[in-house]
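Listed below, chain by chain, are the residues.
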Amino acid sequence: MPNAPKYFMYFPGNYRWSAAFVNMLGTAAFGGVDISELHHIGRLLEGKKSDDDEAWFHACNDVATIVRGRAEQFRAEHNPLAAASFHLRACHYFQMGERFRTPKDTLALEAYRKAVDSFHEFVRLSGSRIEIVDVPFEGNKLPGYFVPAQNAKSARTPCVVFFDGLDVTKEIQFLRGVPDLVRRGIAVLVMDGPGTGEAIRFRGMPLRHDYEKAGSACLDYLETRADVDAARVGIVAISLGGYYAPRCASLDHRFAACIAWGAIWDYCGTWKKRIDAGFQASMSVPGHHIMWILGVDSLDAALKKLEPFRLDGVVQKMRCPFLVVHGEDDEQIPLKDAQALYDACGSADKTLRVFTAAEGGAQHCQRDYLSLGTAVMWNWFEEKLVRAQKSQ
């Protein structure tokens, strides 16, 4: 198969839909999808044009509704654990369908609310100790989940703050390895920051460049918890979060370790290239998504707001251990941006981990081998936040 794509493409030639499918498929290891349900979505999209996001929304929403109905049937039959797993997947399908639909009309917001409700049902019915939390932030509150550490060796455990990206959510982040990370004795605070998830949809918080304010608010919150060792708090963020996490760790030195899951260097420059190309580029969202997330009504205004989204002059201030994770075939953000971020970082303990096509995980944020990407990152967090403490 000499002409085969470098990773599985359910919709050949359609980067965005195929990337979304691979993103969903990769979460199977963490309970995010069932292949039959995912293929059902695919069959509903047969023959649809790649820009038919109305069809995408309804296909995902229809299957999510079916899966949610099965969850409710299991619950009515007094089978809560079965119901919980179906609610978790329903949440995922609702959100993956809604993410391409902007502006966020009534249908979109109804689907998103069902998704969050389904995740909360998953928490309740699974018997999980996950806490639904609100982190105080500038007179408002950032929504999140506190997932306590398992197998902890002490009453106060390390913790990782996990922020999203441009089009990810705290519920989708949970499916990207959080169950594995907490088993290592590390708690996780999974957050919707400004511009993502519930924060923008239901609390009116658009994306902003000074993300360190949100990061510091999370640290302030964790310092109030008796079950967290505030001296051992790391931070990770995915995709555009490759801007958020390094900025937070560079400007608030209370963070003990930082991972950029997918590098960002000059995000304004990234979007200028996309706009100049008429959005004929490998993108995870429709081009108009950037205007909605920034709260503006034109691409010129979006570029103006994106001007400070650069890490040069910021990451030179980082002092904690730093890991940059990137795929050598990332079609959204070039590898040279990861190298620039690594080179500029001021930490004495820094690592650039590039995943190759031969080993897998070479695509954007290791979507093509999610379990390998998370294993490498969580090993690193365990070394920096758990083992390092024991050796002191």
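These remarks concern the structure in this document. Starting afresh in each chain, residues are numbered from 1 along the sequence in its written order. Only residues with pLDDT of 70 or above have their local features reported here, since the model is predicted, and side-chain atom pairs are shown and tallied only from 80 upward, although totals for entire chains, interfaces and linings are computed over all residues. Water and hydrogen atoms were dropped before computing side-chain values, which therefore reflect all heavy atoms in the structure.

Regarding its fold elements, the protein presents 15 helices and eight strands. The C-alpha radius of gyration computed for the protein amounts to 20 Å, which stays within 12% of the reference 21 Å derived for 392 residues, consistent with globular compactness. Projected onto its principal axes, the C-alpha coordinates of the protein cover approximately 55 × 55 × 50 Å. When the 392 residues of the protein are sorted by exposure, 58% land in the buried category. Neither His nor the chain ends is counted toward charge; the positive residues are Lys and Arg and the negative residues Asp and Glu. Every charge is mapped onto a representative atom, which is NZ of Lys, CZ of Arg, CG of Asp or CD of Glu. Side chains of the protein carry 46 positive and 48 negative charges; the gap between the two charge centres is 3 Å. Secondary structure elements follow DSSP: runs of H or I of four or more residues count as helices, runs of E of two or more count as strands, with numbering from the N terminus. Restricting the calculation to C-alpha atoms gives the radius of gyration, and the globule rule supplies 2.2 Å times the number of residues raised to the power 0.38. Burial here depends on accessible area, computed with a 1.4 Å probe over protein chains only, as a share of the maximum for the residue type. Under 20% is buried, over 50% is exposed, and the range in between is partly exposed.

Between its terminal C-alpha atoms helix H1 (residues 15–26) stretches 16 Å, which fits the 16 Å expected from 12 residues at 1.5 Å a residue. Most of H1 sits out of view: 10 of its 12 residues are buried. Along H1, the residues that are buried comprise Tyr 15, Arg 16, Trp 17, Ser 18, Ala 19, Ala 20, Phe 21, Val 22, Asn 23 and Met 24. Against helix H2 (35–44), helix H3 (53–76) and helix H4 (80–98) lie the buried residues of H1. Between the side-chain oxygen at the start of H1 and the backbone nitrogen of Arg 16 there is a gap of 3.4 Å, and the oxygen is on Asn 14. A helix's residues, less one, multiplied by 1.5 Å, set its expected span. Note on contacts: a residue pair qualifies if any of its non-hydrogen atoms lie within 4.5 Å across the two residues. We define a polar contact as two N or O atoms separated by no more than 3.5 Å, with the added condition that, inside protein, one atom must be a possible hydrogen donor and the other a possible acceptor, whereas residues neighbouring each other in sequence contribute only through side-chain atom pairs.

Where empty space is left in the structure can be found by rolling a water-sized probe over the atoms. Only protein atoms enter the 1 Å grid, on which a cavity is a set of points fitting a 1.4 Å probe that cannot get out and a pocket is an open set with protein on both sides within 12 Å along at least 5 of 7 lines, lining residues being those with an atom within 4 Å of a point. Grid points are joined across faces, edges and corners, and a volume is the space filled by probe spheres set on the points. Scanning all chains against the criterion turns up three cavities of 30 Å³ or more. Considered as a void within the structure, the largest cavity measures approximately 190 Å³ in volume. Forming the boundary of the largest cavity are 19 residues, of which Asn 23, Arg 99, Val 168, Arg 176 and Ile 238 lie nearest the centre. Residue polarity is assigned by list, with Asp, Glu, Lys and Arg as charged and Ala, Val, Leu, Ile, Met, Phe, Trp, Tyr, Cys and Pro as nonpolar; anything else, Gly included, falls into the polar class. By residue class, the composition of the lining of the largest cavity is eight nonpolar, seven polar and four charged. A breakdown of the residues in the lining of the second largest cavity according to their chemical character gives seven nonpolar, four polar and two charged.

All right, on to the side chain of Thr 270 then. Structurally, the position occupied by Thr 270 is in helix H11 (residues 267–276). Of the residues examined, Thr 270 reaches a relative accessible area of 11% and is grouped as buried. Once you skip the residues sitting within four places of it in the chain, Thr 270 turns out to touch Ile 333 and Asp 337.

Everything listed here is a matter of geometry and, on its own, says nothing about what the molecule does.
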